[in-house]
Amino acid sequence: MTTAHAWAAHAAHKPFAPFTFQRRALEPQDVRIDILYCGICHSDIHFARGEWGDPKYPAVPGHEIVGRVSEVGSAVTQYKVGDLAGVGCMVDSCGKCGSCHEGLEQYCEGGMTGTYMSVEKQTGLPTYGGYSNFIVVRESFVLHVKHKQSDLPAVAPLLCAGITLWSPLRHWKAGPGKKVGIVGIGGLGHMGIKLAHALGAHVVAFTRSPGKVEECKRLGADEVIISDNADEMAKHAGSFDLIINTVSASQDLQTFVVLLKRDATLVLVGAGTEKHIAPDAFALLGARRSVAGSGIGGIAETQEMLDFCAERGITSDIEMIPVQKVDTAYDRIVASDVKYRFVIDMATLPGV
Ligand code: NAP
Ligand code: ZN
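Described in the following lines is the structure provided in the data block. (Residues numbered from 1 in each chain as written. Chains lettered and ligands numbered in written order. Predicted model: local features only at pLDDT ≥ 70, side-chain atom pairs only at ≥ 80, totals over all residues. Heavy atoms only, no water.)

## Structural notes on the pattern of salt bridges
Put simply, the test is: Just to be clear on terms, a salt bridge is a Lys or Arg side-chain nitrogen sitting within 4 Å of an Asp or Glu carboxyl oxygen. Put simply, DSSP marks the helices as runs of H or I at least four residues long and the strands as runs of E at least two long, and each gets a number from the N terminus on. Using a 1.4 Å probe on the protein chains alone, a residue whose accessible area is under 20% of its type maximum counts as buried, one over 50% counts as exposed, and one in between counts as partly exposed.
Throughout the structure, instances matching the rule amount to 20 salt bridges. Measuring nitrogen to oxygen at the nearest pair gives 2.9 Å for the salt bridge that ties Asp-331 to Arg-49. Residue Asp-331 is found in helix 11 (residues 326–334), and its partner Arg-49 is found in the loop between helix 1 (42–48) and strand 4 (65–72); the two are separated by 282 residues along the sequence. A relative accessible area of 47% places Asp-331 in the partly exposed class. For Arg-49, a relative accessible area of 19% corresponds to the buried category. Between Arg-312 and Glu-311 there is a salt bridge, with the nearest N and O atoms lying 3.5 Å from each other. We classify Arg-312 as partly exposed; its relative accessible area is 46%. For Glu-311, a relative accessible area of 65% puts it in the exposed group.

Spelled out as structure tokens, the structure:
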């Protein structure tokens, strides 16, 4: 075991503070990554503030990790010391079930092991995330990072925000000739605009924030709708092939379902705990429309997304902060005051 230094939540509404814990010694398949940058996902807030249940404090969030490989186990073949590497929301899965065999480890039937909020199979200890100086992960859950060094802070959010939008965009075949809506332009949503645009779709951003209209266009949106303006919404009735909704608050889903074409899908990725208001049966059956959900993405498709972004120079729009500003960043995210992802510079972690 090796002592790791972290920045942890010690209670739901107390400021973050330093924390030390033990990471497992490397097993033959393990890679140790010294963490350079870690993005702040809204899921970190749900977790650290106990919105998804008791996180068993001290809790170390962070699943948008980029860093440099500093040690490899004897059986590791794909990474060597000095390589750039990423870790997203998962660090393990059973490897045996149908979902794992299909490269959809996030839907592992035995339950995937989260980068935080899980129990590590190897030790029975809690998993601690990326607000820490290093992490030990099985090689098969580590991602290759091919962006240039100077892009690294802005690559971190691809590991969750990027893949969470990429997976449904690919699954529901966003591309040329398709009209794709992205609802809620925060960390996930802004990556949705960039990726859907890069895939060649006609992209429509839905935001409550008039101040984001020009920004959305700069990010790649062809059109922007203020989502609480009923007249603007009505003009798009029956016209979308796909809408991906990233909002974590409760919403009346009917307002988006009626914008779908026949056979089109509204995909929910926001992970709040408040229930949505269900759409009328007639709004669904009248045009064979679907409401679906989607969780992050598998390891192979995460690598596919990272490589796609590296080839095209796609990264996240970020604001870099020291760990000491995590509490302020959380409050600003909740107030939708971030353009569009905070990323922690892990060199600011005390005690390392
Ligand atoms: P975020 O940066 O806070 O963005 C959410 C955006 O939603 C806001 O910027 C805002 O955009 C809009 N919004 C916020 N409150 C709203 C409200 N009350 N009504 C309507 N719109 C509202 O959060 P994020 O990091 O993108 O994460 C979004 C959600 O996805 C979280 O619940 C997170 O846990 C979840 N998530 C899910 C997965 C998955 O696998 N499915 C993965 C990662 C995260 P506008 O200002 O444009 O309206
Ligand atoms: Zn996340």
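That covers the picture; the talk isn't over yet.
## A look at the packing of helix 4 (residues 161–171) against helix 5 (residues 187–198)
The condition that has to hold: Lines fitted to the C-alpha atoms define the axes, with helices restricted to the stretch that makes contact. Angles between their N-to-C directions range from 0 to 180 degrees. Orientation labels follow simple angle bins: below 35 degrees gives roughly parallel, above 145 gives roughly antiparallel, 65 to 115 gives roughly perpendicular, and whatever is left gives oblique. Handedness of a crossing is defined here by the sense of rotation of the near helix relative to the far one, left-handed for an anticlockwise turn of less than a right angle and right-handed for a clockwise turn. In this description, contact between two residues means that some pair of their heavy atoms is separated by no more than 4.5 Å. For this classification, Asp, Glu, Lys and Arg are treated as charged, while Ala, Val, Leu, Ile, Met, Phe, Trp, Tyr, Cys and Pro are nonpolar and the rest, including Gly, are polar.
Packing of helix 4 against helix 5 leaves a shortest axis separation of 8 Å and a crossing angle of 50°. Of the possible angle classes, the one that applies to helix 4 and helix 5 is oblique. By crossing handedness, the relation of helix 4 to helix 5 is classed as right-handed. Across from Ala-161, Gly-162, Thr-164, Leu-165, Trp-166 and Leu-169 in helix 4, the residues of helix 5 making contact are Gly-187, Leu-188, Met-191, Gly-192, Leu-195 and Ala-196. Its residues placed into classes, the contact of helix 4 with helix 5 shows eight nonpolar, four polar and no charged.

## Quick word on helix 5
Because an α-helix packs 3.6 residues into every turn, residues spaced three or four apart end up facing the same way. Convention followed: Expected helix span is taken as 1.5 Å per residue step, with the number of steps being one fewer than the number of residues.
In a regular helix each residue adds 1.5 Å, so twelve residues correspond to 16 Å; helix 5 covers 17 Å between its end C-alpha atoms and thus fits that length. In terms of burial, helix 5 is largely enclosed, as ten of its twelve residues are buried. If you check which residues of helix 5 are buried, you get Gly-187, Leu-188, Gly-189, His-190, Met-191, Gly-192, Ile-193, Lys-194, Leu-195 and Ala-196. Where helix 5 is buried, its residues touch helix 4, strand 10 (179–183), strand 11 (202–207), helix 6 (213–219), helix 10 (299–312) and strand 17 (341–345).

## Points about helix 10
The end-to-end C-alpha distance of helix 10, which contains 14 residues, comes to 20 Å, matching closely the 20 Å that a straight helix rising 1.5 Å per residue would cover. Regarding helix 10, the residues found buried are Ile-299, Glu-301, Thr-302, Gln-303, Met-305, Leu-306, Asp-307, Phe-308 and Cys-309. Looking one or two places after helix 10, you find Gly-313, whose phi comes out positive at around 65°.

## Some remarks on the coordination of the zinc ion (ligand 2)
Stated formally: Because no water is among the atoms considered, metal sites can look incomplete, with donors defined as N, O and S atoms within 2.8 Å of the metal, or 3.2 Å for Na, K and Ca.
The zinc ion (ligand 2) binds to the protein through Cys-41 (SG), His-63 (NE2) and Cys-160 (SG), with metal-donor distances spanning 2.0 to 2.2 Å. Considered as a linear motif, the donors of the zinc ion (ligand 2) on their single chain read C-x21-H-x96-C. With Cys-41 in the loop between strand 3 (30–39) and helix 1 and His-63 in the loop between helix 1 and strand 4, the pair connects residues that are 22 residues apart, well separated along the chain. Taking relative accessible area as the criterion, Cys-41 reaches 2% and is therefore assigned buried. A relative accessible area of 7% places His-63 in the buried class.

## Concerning the pairing of strand 13 (residues 240–245)
Definition in use: Being paired, for any two strands, means DSSP has found at least two bridges between them.
The element strand 13 is extensively covered by neighbouring structure, given that five of its six residues are classed as buried. Strand direction decides the pairing type here: strand 10 and strand 13, joined by four bridges, are parallel. Residue Gly-181 lies in a different strand from strand 13, and its bridge partner there is Ile-243. Note that strand 13 and strand 14 (residues 260–268) share five bridges and pair parallel. Across the sheet, residue Ile-243 finds its bridge partner in strand 14, namely Leu-266.

## Describing the site of ligand 1
Rule in force here: Nearness is judged by heavy atoms alone; a residue qualifies as near a molecule or strand once a single heavy atom is within 4 Å of it. A 3.5 Å cut-off defines polar contacts: any pair of N or O atoms within that distance qualifies, except that in protein one atom must be a possible hydrogen donor and the other a possible acceptor, and neighbouring residues in sequence count only when both atoms are side-chain atoms. Shrake-Rupley sampling with a 1.4 Å probe provides the accessible areas, and residues are treated as covered by the protein chains on show and by no other component.
Around ligand 1, the surrounding shell holds 30 residues, and the nearest of these are His-42, Thr-207, Ser-209, Lys-212 and Arg-341. Between ligand 1 and Ser-209 there is a distance of 2.6 Å, counted from an oxygen atom to a side-chain nitrogen or oxygen. Backbone polar atom of Ala-271 to an oxygen atom of ligand 1: 2.9 Å apart, as the coordinates give it. Considered on its own, ligand 1 offers 930 Å² of accessible surface; in the complex 88% of this is hidden by protein.

## Here we look at the sheet that holds strand 11
Strand order in this open sheet of six strands is 12-11-10-13-14-15, and the pairing throughout is parallel. Only two strands of the sheet have a single neighbouring strand rather than two, namely strand 12 (223–226) and strand 15 (290–293). Ignoring which end each strand starts from, the neighbouring axes of this sheet average 20° apart. Here strand 14 pairs with strand 15 via four bridges, running parallel. Counterpart to Leu-268 in the pairing with strand 15 is Gly-293. Relative to strand 13, helix 4 is tilted by about 160°, and along the sheet it contacts strand 10, strand 13 and strand 14.

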